[in-house]
Amino acid sequence: MLASNPNLTKCPFFPTRYVPISRSFHITCSVSQLQSAAEVVNGGVPERNEIRLGLPSKGRMAADTLDLLKDCQLSVKHVNPRQYVAQIPQLSDLEVWFQRPKDIVRKLLSGDLDLGIAGFDTVSEYGQGNEDLIIVHDALDYGDCHLSLAIPKYGIFENINSLKDLAQMPQWTEEKPLRVATGFTYLGPKFMKENGLNHVSFSTADGALEAAPAMGIADAILDLVSSGITLKENNLKEIEGGVVLRSQAVLVASKRSLIQRKSALDTTHEILERLEAHLRAEGQFTVTANMRGSSAEEVAERVLSQPSLSGLQGPTISPVFCKRDGQISSDYYAIVICVPKKALYKSVQQLRAIGGSGVLVSPLTYIFDEETPRWRELLSVLGL
Ligand SMILES: Nc1ncnc2c1ncn2[C@@H]1O[C@H](COP(=O)(O)OP(=O)(O)OP(=O)(O)O)[C@@H](O)[C@H]1O
Ligand SMILES: O=P(O)(O)OC[C@H]1O[C@H](OP(=O)(O)OP(=O)(O)O)[C@H](O)[C@@H]1O
Ligand SMILES: [Mg+2]
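Per chain, the residues get numbers from 1 upward, laid out in the order the sequence is written. Note on labels: chains are lettered from A, ligands numbered from 1, in written order. Given that this is a predicted model, residues contribute local features only at a pLDDT of at least 70 and side-chain atom pairs are listed and counted only at 80 or more, while totals for whole chains, interfaces and linings are drawn from all residues. Here the side-chain values reflect all heavy atoms present in the structure, with hydrogen atoms and water set aside.

The name an unreviewed UniProt entry assigns to the protein is ATP phosphoribosyltransferase, from the organism Prunus dulcis. We quote the UniProt Catalytic activity (unreviewed entry) comment for the protein here in full: "1-(5-phospho-beta-D-ribosyl)-ATP + diphosphate = 5-phospho-alpha-D-ribose 1-diphosphate + ATP". UniProt positions are given in the numbering used here, feature names are shortened, and annotations may be inferred rather than shown by experiment. Checking UniProt for the protein, the heading Cofactor (unreviewed entry) contains the comment "Mg(2+)".

Chemist: Describe the packing of aromatic side chains, naming the residues involved and giving the relevant values.
Modeler: Only Phe, Tyr and Trp rings take part, Trp by its six-membered ring, and two of them pair if their centres are within 6.5 Å. Stacked means planes under 30 degrees apart, edge-to-face means over 60, and tilted covers everything else. Summed over all chains, the structure comprises 2 aromatic pairs. With a centroid separation of 6.1 Å and 20 degrees between ring planes, the pair formed by Phe157 and Trp172 is classed as stacked. One end of the pair, Phe157, is in the loop between strand S8 (145-152) and helix H5 (163-167); the other, Trp172, is in the loop between H5 and strand S9 (178-182), and 15 residues separate them in sequence. Classification of Trp172 by relative accessible area gives buried; the value is 8%. One residue, Lys341, lies across the ring of Phe285, its end atom 5.3 Å from the ring centre. The helix count covers DSSP runs of H or I at least four residues long, the strand count covers runs of E at least two residues long, and both are numbered beginning at the N terminus. Think of it in three bands: residues with accessible area under 20% of the maximum for their type are buried, residues over 50% are exposed, and the middle band is partly exposed, with areas taken using a 1.4 Å probe on protein chains only. Note on geometry: a ring has a charge over it if NZ (lysine) or CZ (arginine) is within 6 Å of the ring centre and within 35 degrees of the ring normal.

Chemist: I'd like a description of the UniProt feature "domain: ATP phosphoribosyltransferase catalytic" (unreviewed entry) in the protein, backed by residues and values.
Modeler: Feature annotation in UniProt places "domain: ATP phosphoribosyltransferase catalytic" (unreviewed entry) on residues 100-276, given in this structure's numbering. A helix fraction of 34% and a strand fraction of 29% characterise residues 100-276, whose end C-alpha atoms lie 25 Å from each other.

Chemist: Provide a residue-level description of the sheet that holds strand S7 (residues 133-137), including the pertinent values.
Modeler: Across the sheet, which stays open at both edges, the 6 strands sit in the order S4-S5-S3-S6-S13-S7 with mixed pairing between neighbours. Looking at which strands have only one partner, the edges of the open sheet turn out to be strand S4 (85-87) and S7. Across the sheet, the axes of successive neighbouring strands diverge by a mean angle of 35 degrees, strand direction being ignored. Sheet topology note: the S7/strand S13 (residues 249-254) ladder contains 4 bridges and is antiparallel. Along S13, the bridge assignment pairs Ile135 with Val252. Here helix H2 (residues 60-71) sits on the sheet and contacts strand S3 (51-56), strand S5 (94-99), strand S6 (115-119) and S13; the angle it forms with S3, its principal contact strand, is near 130 degrees. A pair of strands is labelled paired if DSSP reports no fewer than 2 bridges between them. To obtain each axis, a line is fitted to C-alpha atoms, and for helices this fit is confined to the stretch in contact; angles are then taken between N-to-C directions over 0 to 180 degrees. Two residues form a contact once any of their heavy atoms are found within 4.5 Å.

Chemist: Which residues make up the sheet that holds strand S10 (residues 200-203), and what are the values?
Modeler: The mixed open sheet is built from 5 strands, whose spatial order is S10-S9-S11-S8-S12. Looking at strand neighbours, the two that pair on one side only are S10 and strand S12 (236-247), the edges of this open sheet. Between one strand and the next, the sheet's axes are offset by a mean angle of 25 degrees, whatever the strand orientation. Bridging between S9 and S10 involves 4 bridges; their strand directions are parallel. Bridge assignment links Arg179 to a residue of S10, and that residue is Ser201. On top of the sheet, helix H4 (residues 120-127) reaches strand S11 (220-225) and S12; it is set at about 80 degrees to S12, its chief contact. The strands touched by helix H6 (residues 187-194) within the sheet are S8, S9, S10, S11 and S12, with S12 carrying the most contacts at an inclination of about 110 degrees.

What follows is the structure, encoded as structure tokens:
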């Protein structure tokens with residue numbers, strides 16, 4: 001029936017799907033026409049049925065993003081690395097498009113993507129505070145880094161250790177401003193202005209910015225830092241007050257899409273639930289132990305007397321039945337609790353201290369709450 005609709009044509013990427021003729025992939029047009037094709041229709045979102053998720057196509061975020069989705073049972077079916085479109089079989093109305101992180105943000109703003117995963121730094125730099133971008137999940141737990149101002153350890157900067165010191169240096173004047181090399185040409189000037197550094201000029205490069213001061217091209221750099229090794233190896237240092245933002249991978253959405261496409265909101269809900277359940281579980285272990293006791297309540301009292309044994313909502317305590325002299329009795333109780341990974345050893349010590357034995361520790365895969373707090377926040381941001 002669909003195939004007979006004169007307004008639809010077969011999608012070249014997903015042969016089982018049909019797309020409006022207006023999205024036919026054989027149209028040739030100029031760049032400006034291409035841009036206008038992405039523009040919103042009547043202040044709404046571009047016409048299409050499927051939801052589009054942008055994922056990093058290359059760079060350090062790419063593999064970690066696919067791993068995270070896999071851990072959430074949302075494996076991306078990607079035939080080969082040069083193909084930029086893929087599917088997540090669990091989410092049937094979703095298309096995955098692989099893009100450079102900055103293009104993910106740009107395409108969310110133009111309405112060509114509905115959802116995306118990118119570093120918070122990229123979202124902030126290319127999103128430029130646009131209110132159409134909503135951070136749906138702000139802590140995907142990888143891609144940790146911070147955007148920071150760094151200066152040489154030597155020469156006139158030897159005793160400069162804070163942004164305040166830097167601002168007060170007499171060297172920077174209208175004619176001879178502080179020269180900063182950065183790829184962050186929106187966040188950089190904004191940060192300097194907000195911090196009262198008025199005599200600053202910016203130059204930009206695509207990489208290896210740390211070389212700029214030693215080459216005499218810049219006095220300072222504003223770039224991402226994670227281990228700090230690149231700065232150290234290039235004789236540069238961070239300064240107090242010089243951190244522009246802290247970043248990690250985030251799930252970001254177009255507000256317009258979520259409001260105007262019902263299925264975008266439903267898909268976002270499912271992705272968010274899976275992400276939250278996985279990420280919450282990742283920091284926890286399930287711990288089981290046996291404990292002698294006269295009743296479940298008496299065992300519960302002992303367990304709850306220990307600060308690290310309260311679990312998510314309290315311990316689960318169940319009788320362990322055994323047969324002795326033909327009689328069924330329950331002198332032992334099994335305790336099940338979730339314990340933060342960081343507190344594991346302390347919890348085991350506390351369990352032992354109150355008579356716990358046979359302590360078993362296993363990884364947790366998912367923790368599904370009744371409703372995720374981030375989903376409630378999202379609905380409230382959307383005014384729903
Ligand atoms: N040193 C780092 N450690 C951890 N995460 C980082 C680091 N540098 C960057 N990132 C994060 O990874 C994202 C992508 O960085 P990546 O270096 O892969 O791409 P890029 O710099 O935009 O592109 P390219 O380096 O290919 O020009 C950044 O926006 C940031 O969120
Ligand atoms: O603090 P570190 O762990 O040393 O990491 C910081 C470096 O990582 C990034 O560069 P990247 O490796 O992406 O190379 P690029 O400059 O070519 O983008 C960033 O631009 C820094 O140069
Ligand atoms: Mg890089």
